[in-house]
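# Observations on chain architecture
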Amino acid sequence: MRGIDLGRALRELRLAGGKEAKAVARSAAMSPSKLSKIENGRLTPSVIDVERILTALDVPEEIKARLAEAARTIATEATAWRIYRRAGLHKHQEEIRAIEAQTRLLRVFQPSCIPGLLQSPEYVRAVQQHSELTPEVLEKMVGARLRRQEILFDRARSFHFLITESVLRWEILPPAMMAAQLDKLVTMSRMPNITVGVVPQGAPKAHLPTCSFVMFDSRLVIVEIPHAEITTSEPKDVDQYAAKFQAFELVAVTGREMRSMVEGIRDEFLRQQETW
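Here's a quick rundown of the structure. Owing to the predicted nature of the structure, the values given are computational and were not obtained by experimental measurement.

Another aspect to go through is the overall build of the protein chain. Counting secondary structure elements, the protein chain contains 13 helices and seven strands. Taken over the C-alpha trace, the protein chain has a radius of gyration of 20 Å; the compact-globule value for 276 residues is 19 Å, and the two agree within 12%. Expressed as lengths along the three principal axes of its C-alpha atoms, the size of the protein chain is roughly 65 × 40 × 35 Å. The buried share of the protein chain, taken over its 276 residues, is 47%. For the protein chain, the proportion of contacts with a sequence separation of at least 24, taken over those separated by at least 6, is 77%. With an accessible surface of roughly 14000 Å², the protein chain has 52% of that area assigned to carbon and sulfur atoms. With 39 positive and 35 negative side-chain charges, the protein chain shows a separation of 4 Å between the mean positions of the two kinds.

All right, on to helix α11 (residues 175-189) then. Taking 1.5 Å of rise per residue, the 15 residues of α11 would be expected to cover 21 Å, and the 21 Å separating its terminal C-alpha atoms lies within 8% of that figure. Taken residue by residue, α11 has P175, M178, A179, Q181, L182, L185, V186, M188 and S189 as its buried positions. Along its buried surface, α11 packs onto α8 (121-127), β3 (158-164), α10 (165-169), β4 (194-199) and α13 (255-274).

Looking now at the sheet that holds strand β7 (residues 228-232). On the basis of which strands lie adjacent, the open sheet formed by seven strands has the order β1-β7-β6-β5-β2-β3-β4 and mixed pairing. Edge positions in the open sheet fall to β1 (77-80) and β4, since each of these has one partner strand only. Put simply, the sheet's adjacent strands are angled 15° from each other on average, direction ignored. By the bridge criterion, four bridges tie strand β2 (residues 105-110) to strand β5 (residues 212-216) in an arrangement that is antiparallel.

What follows concerns the pattern of salt bridges. With the rule as written, the count across this model stands at 16 salt bridges. Note that R219 and D217 form a salt bridge whose closest N and O atoms lie 2.9 Å from each other. D217 shares its class with R219; the two are buried. A salt bridge links D267 to R266; its shortest N-O distance comes to 3.0 Å.

Here we take up the side chain of S120. Inspection of the secondary structure assignment puts S120 in the loop between β2 and α8. If we skip the residues at most four places from it in the chain, S120 touches Q181 and K184.

Quick look at helix α7 (residues 89-100) now. The periodicity of an α-helix, 3.6 residues per turn, causes residues three or four places apart in sequence to face the same way. The end-to-end C-alpha distance of α7 is 17 Å, a good match for the 16 Å that 12 residues give at a rise of 1.5 Å each. Where α7 is concerned, the buried positions are L89, H92, Q93, E95, I96, A98, I99 and E100.

Attention now goes to the nonpolar core. By size, the foremost hydrophobic cluster in this structure holds 57 residues, and its most contacted members are I53, F161 and L168. Broken down by element, this core gets its largest block of residues, seven residues, from helix α4 (residues 47-57). I53 has contacts with L10, V24, A28, M30, L35 and I38, leaving out every residue within four places of it along the chain. Grouped together as the second largest cluster of nonpolar side chains are 13 residues, C211, M215, V221 and V223 included.

The interhelical angle for the contact between α7 and helix α9 (residues 135-148), taken along N-to-C directions, is 10°, at an axis separation of 8 Å. Between α7 and α9, the angle is such that the two are roughly parallel. Of the residues in α9, those touching α7 at L89, H90, Q93, E94, I96, R97 and E100 are K140, M141, A144, R145, R147 and R148. Split by residue class, the contact of α7 with α9 holds four nonpolar, two polar and seven charged.

You will see that D58, though not glycine, has its phi angle at about 55°, which is positive. Following the sequence through the fold, D58 ends up in the loop between α4 and α5 (61-71). The phi dihedral of D217 falls on the positive side, at around 50°, and the residue is not glycine. With respect to the secondary-structure elements, D217 resides in the loop between β5 and β6 (220-225).

Looking along a regular strand, one sees side chains alternate from face to face of the sheet. Burial within β7 is extensive, with four of its five residues counted as buried. Here four bridges tie β1 to β7, and the two strands are oriented antiparallel to one another. Bridge pairing links E77 to T231 in β7. Counting the residues in the hairpin turn of β6 and β7 gives two residues.

Quick notes on the rules
As a convention, each chain's residues are numbered from 1 in the sequence order in which they are written. At least 70 in pLDDT is required for a residue's local features to be given in this predicted model, at least 80 for side-chain atom pairs to be given and counted, and no such filter applies to totals for whole chains, interfaces and linings, which use all residues. Only hydrogens and water are set aside; all other atoms, that is, all heavy atoms of the structure, feed into the side-chain values. A run of H or I in DSSP becomes a helix once it reaches four residues, and a run of E becomes a strand once it reaches two; helices and strands are each numbered from the N terminus. In this treatment the radius of gyration is a C-alpha quantity, and the globule benchmark scales as 2.2 Å times the residue count to the 0.38 power. Burial classes: relative accessible area under 20% of the type maximum marks a residue as buried, over 50% as exposed, and values in between as partly exposed (1.4 Å probe, protein chains only). What makes two residues a contact is simply this: any of their non-hydrogen atoms within 4.5 Å. Each accessible area is a Shrake-Rupley result for a 1.4 Å probe, and residues are judged covered by the shown protein chains and nothing else. Counting rule for charge: Lys and Arg are taken as positive, Asp and Glu as negative, and neither His nor the chain ends is counted. Just so you know, the charge point we use is NZ for Lys, CZ for Arg, CG for Asp and CD for Glu. Working rule for helices: expected span equals 1.5 Å times residues minus one. When DSSP finds two or more bridges between two strands, those strands count as paired. Structural elements are reduced to axes, namely lines fitted to C-alpha atoms, with helices fitted over the stretch in contact, and the angle between N-to-C directions of any two is expressed from 0 to 180 degrees. Every case where a carboxyl oxygen of Asp or Glu lies within 4 Å of a side-chain nitrogen of Lys or Arg is listed as a salt bridge. To define a nonpolar core, start from buried Ala, Val, Leu, Ile, Met, Phe, Trp, Tyr and Cys residues and group those joined through side-chain atoms within 4.5 Å. In what follows, roughly perpendicular refers to angles from 65 to 115 degrees, roughly parallel to angles under 35, roughly antiparallel to angles over 145, and oblique to any angle outside these ranges. Residues are grouped as follows: nonpolar covers Ala, Val, Leu, Ile, Met, Phe, Trp, Tyr, Cys and Pro; charged covers Asp, Glu, Lys and Arg; every other residue, Gly included, is treated as polar.

Right, here's the structure in full:
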């Protein structure tokens with residue numbers, strides 16, 4: 001199914017359901033103009049766009065599955081970070097939030113920094129320090145990131161985070177703030193629906209930590225590389241990332257052992273702070 005056919009199908013479903021375009025756009029976390037372009041074939045929708053629209057339309061599962069499969073004809077997409085910055089990073093955070101709201105099991109592998117859902121406000125700002133955002137735009141982005149974290153308190157959802165030990169030691173903040181960030185990591189790991197695993201430096205590894213990625217159930221993966229964000233829902237691709245996640249999960253430490261490791265590194269930062 002080509003993009004224009006997919007757009008027309010989405011429009012017909014909306015009209016058949018008696019839903020107003022503005023309401024669907026709002027529920028799908030996109031502007032009415034974007035929805036209009038998709039429905040009229042002037043904009044080819046991404047896999048994420050189609051998922052959000054179908055959820056907003058509340059269509060039967062068999063129709064949702066068929067149209068989602070059609071969207072996989074463009075299953076692998078790359079969007080440059082400069083495009084997200086131009087449109088507003090806070091808007092992209094809201095888009096991701098909408099996808100998370102449709103997810104029961106979220107799996108995150110992060111070899112570069114603390115995962116976004118577990119970041120402190122100071123850490124969010126530090127991660128974005130070289131993105132050339134204005135103070136106003138940066139604060140909008142920070143606010144959107146923190147709003148996303150509210151989903152962690154939904155006990156009906158499960159969150160599995162895997163990070164490498166180097167992430168804990170990478171000092172992008174003053175020692176006291178790094179210690180506070182690690183405290184937050186420990187606190188969140190005690191929640192019954194959250195698992196935090198750390199891959200120790202000395203653990204044998206079957207894979208290289210080439211990039212960070214997020215798995216939304218078993219239907220969608222978002223991969224982050226320096227210049228772009230890559231999205232795929234191709235089943236073979238999803239299976240590949242699931243296997244990679246499982247391989248790192250096997251050598252990661254969790255629970256008390258993980259908290260002991262993190263608290264030890266936190267204490268190193270606190271001792272370092274005393275010498276400042």
